[in-house]
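This is what each chain is made of:
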Amino acid sequence: MQVGYDSDKRKLLSSLCHGAIFFSTTFLSIGVPIVINLLSDDPVVKSNAKESINFHLNVWFWATIIGVPLGILSWLTFGIGGILFFPVVAFGFALHWGLTIWALLHCLGRPDEPFRYPFIFRLF
């Protein structure tokens, strides 16, 4: 027996999973896909939730790896390092937001297919 899933509900939950990263940069934003993953029985929504969790972890990992040394360099050079490396930080934000917007558009356009972020490490 084949089970049908509500396409609108799938779009909403999958979009919430990926869009949660816009809510904040705190641990609150990762809670949305975790809760959706635990409560949903839809395999596409669960896949999108896991992918969103992995993306959150990757964003935090790379922000730490790149941001901490740049913050220290900026502090040591009285802000000059921050100005010099602004393009690196801007590129990181553009990549982070661009990939998230791409995921949202994918979820709204093709709700029956889970989104996969390119170039990320997957723990789940």
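Here the structure is a predicted model, which means the values were calculated and not measured.

Colleague: So, the packing of aromatic side chains: which residues are in play, and what are the values?
Modeller: Across all of its chains, the model carries 6 aromatic pairs by this definition. Between Phe61 and Trp62 the ring centres are 4.9 Å apart and the planes differ by 75 degrees, which places this aromatic pair in the edge-to-face class. Judged by its relative accessible area of 39%, Trp62 falls in the partly exposed class. Centroid distance Phe115 to Tyr117: 4.9 Å. Interplanar angle 90 degrees. Geometry classified as edge-to-face. Look at Phe115 and you get buried, because its relative accessible area is 3%. Relative accessible area serves as the criterion here: at 2%, Tyr117 is assigned to the buried category. Grouped by ring-pair contacts, the aromatic residues Phe55, Trp102, Phe115 and Tyr117 constitute a single cluster.

Colleague: So what about helix 2 (residues 28-39)? Which residues, and what values?
Modeller: For helix 2, which comprises 12 residues, the first-to-last C-alpha distance of 17 Å matches the rise-based estimate of 16 Å (1.5 Å per residue) to within 8%. Tucked inside the fold, the buried residues of helix 2 contact helix 1 (7-19) and helix 3 (43-76).

Colleague: Please give an account of the pattern of salt bridges that cites residues and values.
Modeller: The tally for this structure, following the rule as stated, stands at 5 salt bridges. The shortest N-O distance in the salt bridge between Arg10 and Asp42 comes to 2.7 Å. On the criterion of sequence distance, the pair formed by Arg10 in helix 1 and Asp42 in the loop between helix 2 and helix 3 is long-range, its members being 32 residues apart. Classification of Asp42 by relative accessible area gives buried; the value is 6%. We note a salt bridge from Glu113 to Arg110, for which the minimum N-O separation is 3.4 Å. The partly exposed category is assigned to Glu113, whose relative accessible area is 37%. Each of Arg10, Asp42 and Asp112 takes part in a single network of salt bridges with overlapping partners.

What counts, and at which threshold
- Residues numbered from 1 in each chain as written.
- Predicted model: local features only at pLDDT ≥ 70, side-chain atom pairs only at ≥ 80, totals over all residues.
- Heavy atoms only, no water.
- Phe/Tyr/Trp six-rings, centres within 6.5 Å; stacked < 30°, edge-to-face > 60°.
- Buried < 20%, exposed > 50% of the residue type's maximum accessible area, 1.4 Å probe, protein only.
- Helix = DSSP H or I, 4+ residues; strand = E, 2+ residues; numbered from the N terminus.
- Expected span 1.5 Å × (residues − 1).
- Contact = heavy atoms within 4.5 Å.
- Salt bridge = Lys/Arg side-chain N within 4 Å of Asp/Glu carboxyl O.

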